[in-house]
Amino acid sequence: MRRTITAVTLCAGAALLLTGCGSTEPKPAPEGGKQQPQPAASKDQGQGPAPAPPAGGGGAKHEVTLEVGGTGRTAVMYSGIGSGFEQQTLPWTKSGTAELTAAEQKVGYLVSVVPGTITGADGKLRQAPCTIKVDGKVVAESDGVTNAKGCSYMIK
């Protein structure tokens, strides 16, 4: 009987502790040492997740451009400056700013684009070519033939 009471008490205590850990309220992000309030009912407007604010007041900002070449229409999946997977008219370009936290500057921040297939000059299907530019410099590219994995790059 004593073991049963102890077990029930431990389970109830664990449940009580765990219910306090699942708060859905957004926490204010420290920015420059000051607490900034956040709106409680913020909804995503289709632009993908916003980059996290810099931790400790010092974030590195990089201008990122994703490009998919070719003609016609194909599916394009991208992440890093927002995210999406949708049909696009080619050629396609998306630009944005990636703001890295201190941790992301150490471990990296992945940006990627994976284009769908297009009809090549020989009439065969192949992946559309892609390019990633960071701060105006080409850091990843694929011709869609020799590398059919798309383009990805880890910003540090």
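It should be emphasised that the depicted structure is a prediction, and the values quoted were computed from it without experimental measurement.

Here E86 shows up in strand 4 (residues 83-100). Residue E86 is classed as partly exposed on the basis of its relative accessible area of 38%. Each C-alpha atom of the pair E86 and T74 lies 8.2 Å from the other, and the pair is twelve residues apart in sequence. Other than its neighbours up to four places away in sequence, E86 contacts T74, A75, V76 and Y78. Reaching out from E86, the side chain makes a polar contact with the side chain of Q88 at a distance of 2.8 Å.

The next subject is the state of the cysteines. In this structure the tally under the stated criterion is one disulfide. Covalent S-S linkage joins C130 and C151, the inter-sulfur distance amounting to 2.1 Å. Disulfide C130-C151: the torsion about the S-S bond is 95°, which places it as right-handed. Here the residue C130 occupies a position in strand 8 (residues 130-134), and C151 occupies one in strand 10 (residues 151-155), the gap between them amounting to 21 residues.

Calculation rules
- Residues numbered from 1 in each chain as written.
- Predicted model: local features only at pLDDT ≥ 70, side-chain atom pairs only at ≥ 80, totals over all residues.
- Heavy atoms only, no water.
- Helix = DSSP H or I, 4+ residues; strand = E, 2+ residues; numbered from the N terminus.
- Buried < 20%, exposed > 50% of the residue type's maximum accessible area, 1.4 Å probe, protein only.
- Contact = heavy atoms within 4.5 Å.
- Polar contact = N/O pair within 3.5 Å; in protein donor to acceptor, adjacent residues only side chain to side chain.
- Disulfide = S-S within 2.5 Å.

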